[in-house]
Amino acid sequence: MILQSVRMLLVMTVITGIAYPLAVTGIAQVAFPDKADGSLIHHDGKVLGSRLIGQPFSDPKYFWSRPSATSPMPYNAASSAGSNLGPTNPALLDAVKERISRLGEKPVPADLVTASASGLDPDISPAAAEYQIARIARTRSIPEERLRELVRAHTEGRSLGILGEPRVNVRELNLALDALK
């Protein structure tokens, strides 16, 4: 009886621990190679990050990402989690007020002052991108309308036309911004 159990353990280990993961990985590499490799963003032969994980931008000449709630550093994929602070939590309210005060007087889009549930969101809303255009135009001496065109060109619609909200990938938008002449 013990010998049968050990054999079954070995067979199931080979099937579920080796054969199945290899088969799924192989199918994914053939059917969706970009996604299977992590949706990486390549530029000038270097990997700059993933389309799926946000990156911090604080230089005024770039579009800024939404805040990250991961620690000990922002956009740390190893500690993906929200802050777990409720909407009435004084710590969250203080953090949002501080972020708003840094951004300016006019109404600020929520995604520029609040972290996403994972703390890793790579996208901002078109409204959040629009909010930043005046700053970037001043810093880079680029006409605002040219920046609006760039944001429109990098705005992705709802998935399948109905799911989610329109969004702009900040890393890809900033790469396009750097490519402007």
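Just so we're clear, the structure is a prediction, and the values are computed from it rather than from any experiment. (Residues numbered from 1 in each chain as written. Predicted model: local features only at pLDDT ≥ 70, side-chain atom pairs only at ≥ 80, totals over all residues. Heavy atoms only, no water.)

Participant: For this particular structure, what's the right way to read helix α5 (residues 144-153)?
Facilitator: Within an α-helix, residues lying three or four positions from one another point in the same direction, as the helix has 3.6 residues per turn. Residues of α5 that are buried include every one of L147, L150 and V151, and no others. Seen along its axis, α5 keeps its buried residues to an arc of 100°; they face one direction. Tucked into the core, α5 has its buried residues touching α4 (126-140), β4 (155-156), β5 (167-169) and α6 (170-179). (Buried < 20%, exposed > 50% of the residue type's maximum accessible area, 1.4 Å probe, protein only. Helix = DSSP H or I, 4+ residues; strand = E, 2+ residues; numbered from the N terminus. Arc of directions from axis to C-beta. Contact = heavy atoms within 4.5 Å.)

Participant: Looking at this structure, how should I read the pattern of salt bridges?
Facilitator: Opposite charge on two side chains lets them pair, provided their charged atoms get close. Per the stated rule, a full pass over the model turns up 11 salt bridges. Residue D121 pairs with R66 through a salt bridge whose shortest N-O separation is 3.6 Å. Of the two residues, D121 sits in the loop between α3 (90-103) and β3 (123-124) while R66 sits in the loop between β2 (46-50) and α3, which places them 55 residues apart along the sequence. (Salt bridge = Lys/Arg side-chain N within 4 Å of Asp/Glu carboxyl O.)

Participant: I would appreciate a short explanation of unusual backbone geometry in the present structure.
Facilitator: Peptide bonds are trans in most cases, and residues, glycine excluded, mostly fall at negative phi. Positive phi is not limited to glycine here, since S39 has a value of about 50°. Assignment of secondary structure puts S39 in the loop between α2 (33-36) and β1 (40-43). One non-glycine residue, D44, adopts positive backbone phi at about 50°. With respect to the helices and strands, D44 occurs in the loop between β1 and β2.

Participant: I'm lost on the packing of α5 against α6 in this one. Help?
Facilitator: Helix-helix packing is characterised by the crossing angle of the two axes and by the distance between the axes. Running from amino to carboxyl end, α5 crosses α6 at an angle of 140°, the nearest separation of the two axes being 10 Å. Accordingly, the angle class assigned to the pair α5 and α6 is oblique. Relative to α6, α5 is oriented so that their crossing is right-handed. Contacts between α5 and α6 involve L147, L150 and V151 on the former and, on the latter, L173, A176 and L177. When its residues are assigned to classes, the contact of α5 with α6 shows 6 nonpolar, no polar and no charged. (Axes fitted to C-alpha atoms, helices over the stretch in contact; angles between N-to-C directions. Parallel < 35°, antiparallel > 145°, perpendicular 65-115°, else oblique. Left-handed = near helix turned anticlockwise from the far one by under 90°. Nonpolar A, V, L, I, M, F, W, Y, C, P; charged D, E, K, R; others polar.)

Participant: Hey, could you run me through the side chain of S39 in this one?
Facilitator: On the basis of relative accessibility, which here comes to 8%, the residue S39 falls in the buried class. Setting aside anything within four residues of it in sequence, one finds S39 in contact with D34, G49, S50, R51 and L52.

Participant: Would you mind going over the pairing of β2 with me for this structure?
Facilitator: Consecutive side chains of a regular strand alternate in pointing toward one face of the sheet and then the other. Here β1 pairs with β2 via 4 bridges, running antiparallel. Opposite H43, over in β2, you have K46 as the bridge partner. Between β1 and β2, which pair antiparallel and follow one another directly, the connecting turn spans 2 residues, one of which, D44, has a positive phi of 50°. (Pairing = 2+ DSSP bridges.)

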